[in-house]
Amino acid sequence: MKKLLCFLFVCFPVYVCAAQVHQITAQTTRMSEDTLKKRFRLKPGDLFTPQAYQKAQEELHKLRVFKTLEFLEKEHEHGVNIHIKADDRTYVFPMAFALSGKKRAAGLSLASGNLFKQGESVFVFAGGSRDGFSTHGGVALGDHLFYTAYTHLNYEQSFYKNGWATVPGVFSSTDDKGKHDSALLSKVRARRDSWSFTYRRKFSSVWSEFITAQYDYYQYKNGVLDSGNHSQVTLGFQYADDIRPDLNMGALSGIGLSDKAQALRNLPHVRMGKLAQVSYTTGGHWTGSDYNINKLALGGGLLWELKTRHILALFAKAQRAMDAPFSDQIVSSDLLFDMGLYDREQRGKGGVSGGVSFTYFILRNQTGLLSVMPFYELAYVTSGGNHYQPHSGVGATVTYRLWRFPLPIGVNFTHNIDDGTHHIGVKVGGRF
């Protein structure tokens, strides 16, 4: 028996000798200690490993309501004691923005964090352009997210040779007027009113589920195409590991930068982030829709954060519409990855896409981050059979982000490989 025990200790030291979390204590400024411990993923009795400990710390940093966060661990005869010293604050910030050029737009947002001492974040946004207006609002509290949006859009739906159509959008930064007249086949005035409500619940450190109820009404001039109600429901699941959020409104007052020093240090080894999502959209008479709608979407990505913090990213998507009228068809602009700027898209019954980008940090210091991100993205959309229409782009975005300003600002250049056009535009926000 003793020989068997010795054999087990030698062959399985991680499982036999690994310590457990014995006790977690906390010291806070505004929120209750119980609230902080609830947000901390490690619990008494859990296995204590460096990986699990690091991920639990990152979950607290992601709340973006802390001035400072300090983690102290001490060995105990029954395991490991962890003490968390947190200086949590609150913020309420309004922000306005304006974009000029071929499509002028303006907006106003209001965001708050930890106002109710729960580590929650709340935001509202309203803005518009000559094409319409859009409003958004949401509340994130612990593992729950509630989000709603309303958009009113007026636009000209143009159709071109080789299956191209106009990309509509209230804040679209491109404009196809005069660019593709030689290929123009027809155009029609259109209006879209859309309201949606989304509930997302995170049920582990990496898994979440969401459901979206959406009311959509399209009105094309003279009732052509698929005018009418397109209400639908979407259900989905997402896996996200080491995928970091971008926005931090509290940074304007120095809040939410508790991991800044850590972010400026090189990593001890390459870190991989993984993202996967599946969703199913359906609609019909039971949702109030005048049309049957059934669509399946798959997507994912892999990110390698190098020791020097540069990021290599690979993305892929696939979508299929089993039932969908024109306005709900699969479009190449949705299949792509928000890296390029385009004024036309392909539409069809299904499509696949892939993309690659490399974020190189030219400068990383206490003030901010300067980066350049070259990218390539490609989508194929089919209207049936074996005939696929491509939509691909190559380009780069140069971005500067101040630590104390939450929205990165950059200049994007995109060359549409398939139609030969290119765009230069300002980008506010984006991937990191």
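(A) Spatial organisation of the overall build of the chain. Within the chain, the secondary structure is distributed over 6 helices and 23 strands. A compact globule built from 432 residues should have a C-alpha radius of gyration of about 22 Å, and the chain, at 24 Å, falls within 12% of that. Within the span of the chain, comprising 432 residues, buried residues form 43% of the whole. Counting contacts in the chain only where the partners sit at least 6 residues apart, residues at least 24 apart contribute 58% of the total.

(B) Quick look at the pairing of strand E6 (residues 121-129). When strand E5 (residues 105-113) meets E6, the two strands line up antiparallel, connected through 9 bridges. Residue pairing for E6: Leu108 is matched across the bridge by Ala126. Pairing between E6 and strand E7 (residues 132-141): 9 bridges, direction antiparallel. Looking at E7, one finds that Gly128 is bridged to Phe133.

(C) A look at unusual backbone geometry. With a phi angle near 60 degrees, Asn162 is a residue other than glycine that sits in the positive phi range. By the secondary structure assignment, Asn162 is in the loop between strand E8 (144-160) and strand E9 (164-166). A positive phi is found at Asn222, a non-glycine position, where the angle reads about 65 degrees. In this fold, Asn222 is placed in the loop between strand E11 (207-220) and strand E12 (228-229).

(D) Expanded view of the confidence of the model for the chain. The share of residues in the chain with pLDDT of 70 or more is 94%, and the mean pLDDT across the chain is 90. For the stretch residues 1-16, pLDDT sits under 50, and the model shows 5 contacts to residues farther than four places along the chain or on other chains.

(E) Structural context of the sheet that holds strand E2 (residues 66-76). Read across the sheet, 3 strands follow the order E1-E3-E2 without closing on themselves; strand pairing throughout is mixed. Here the strands that pair on one side only, and so sit at the sheet edges, are strand E1 (21-27) and E2. The mean angle between the axes of side-by-side strands here comes to 15 degrees, regardless of whether they run parallel or antiparallel. Inspection of the sheet shows E2 paired to strand E3 (residues 79-88) by 10 bridges, in the antiparallel sense. Within E3, the residue paired with Glu75 across the bridge is Val80.

(F) Inspection of the packing of aromatic side chains at higher detail. Summed over the entire model, instances satisfying the criterion amount to 12 aromatic pairs. Their ring planes at 45 degrees and their centres at 5.0 Å tell us that Phe48 and Tyr53 sit as a pair that is tilted. Between Phe315 and Phe337, the aromatic rings sit 5.4 Å apart at their centres with planes inclined by 25 degrees, giving stacked as the arrangement. Here Phe337 lies in the loop between helix H6 (332-335) and strand E18 (344-348) and Phe315 lies in strand E16 (residues 311-323), a separation of 22 residues in the sequence. Cluster of aromatic residues (ring-pair linked, three or more members): Phe40, Phe48, Tyr53 and Phe71. Sitting over the face of the ring of Tyr160, Arg344 holds its NZ or CZ atom 4.9 Å from the ring centroid. The residue whose ring lies beneath Arg347 is Phe326, and the NZ or CZ to ring-centre distance is 4.4 Å.

(G) Region of interest: the nonpolar core. Among the nonpolar cores identified, the biggest contains 20 residues, and Leu36, Phe40, Leu42, Leu60, Phe66, Ile82 and Ile84 are the most heavily contacted of them. Only E1, helix H4 (50-61), E2 and E3 provide two or more residues apiece to this core. For this core, the element with the highest residue contribution is E3, accounting for 4 residues. Membership of the second largest hydrophobic core comes to 15 residues, among which are Ile311, Ala313, Met373 and Ala379.

(H) Structural detail: a nonpolar patch on the surface. Taken together, Phe203, Trp207, Ile211, Leu235, Phe237, Val278, Tyr280, Leu296, Leu298 and Met322 make up a surface patch of nonpolar side chains, about 860 Å² in accessible area. At the level of elements, E11, strand E13 (232-241), strand E14 (271-283) and strand E15 (293-305) are the ones that each hand at least two residues to the nonpolar patch.

(I) A look at the environment of Ala313. By the secondary structure assignment, Ala313 is in strand E16. Overall, Ala313 belongs to the buried group, its relative accessible area being 3%. Placed 11 residues apart in sequence, Ala313 and Leu302 show a C-alpha to C-alpha distance of 5.8 Å. Apart from residues no more than four positions distant in its own chain, Ala313 is found in contact with Leu302, Leu303, Gly355, Val356 and Ser357.

(J) A look at the side chain of Arg64. As for its placement among the helices and strands, Arg64 is situated in the loop between H4 and E2. You can call Arg64 buried: its relative accessible area is 17%. At 2.9 Å, the side chain of Arg64 and the backbone oxygen of Gly256 are in polar contact.

(K) Representation of the pattern of salt bridges in the model. Under the criterion given, the structure shown has 23 salt bridges. Salt-bridge contacts for Arg41 lead to Glu59; the nearest nitrogen and oxygen are separated by 3.9 Å. One end of the pair, Arg41, is in the loop between helix H3 (33-39) and H4; the other, Glu59, is in helix H4, with 18 residues separating them in the sequence. Residue classification places Arg41 among the partly exposed residues on the basis of a relative accessible area of 27%. Residue Glu59 is classed as buried on the basis of its relative accessible area, which comes to 15%. Of the charged contacts, one joins Glu305 and Arg309 as a salt bridge, the two residues approaching to 3.1 Å between their closest N and O atoms.

Criteria and cut-off values
Residues numbered from 1 in each chain as written. Predicted model: local features only at pLDDT ≥ 70, side-chain atom pairs only at ≥ 80, totals over all residues. Heavy atoms only, no water. Helix = DSSP H or I, 4+ residues; strand = E, 2+ residues; numbered from the N terminus. Rg over C-alpha atoms; globule rule 2.2 N^0.38 Å. Buried < 20%, exposed > 50% of the residue type's maximum accessible area, 1.4 Å probe, protein only. Contact = heavy atoms within 4.5 Å. Pairing = 2+ DSSP bridges. pLDDT = per-residue confidence, 0-100. Axes fitted to C-alpha atoms, helices over the stretch in contact; angles between N-to-C directions. Phe/Tyr/Trp six-rings, centres within 6.5 Å; stacked < 30°, edge-to-face > 60°. Lys NZ or Arg CZ within 6 Å of the ring centre and 35° of its normal. Core = buried A, V, L, I, M, F, W, Y, C linked by side-chain atoms within 4.5 Å. Patch = residues over 30% accessible without salt bridge, like charges linked within 9 Å, V, L, I, M, F, W, Y side chains within 5 Å. Areas by Shrake-Rupley, 256 points an atom, 1.4 Å probe, with all protein chains shown as cover. Salt bridge = Lys/Arg side-chain N within 4 Å of Asp/Glu carboxyl O. Polar contact = N/O pair within 3.5 Å; in protein donor to acceptor, adjacent residues only side chain to side chain.

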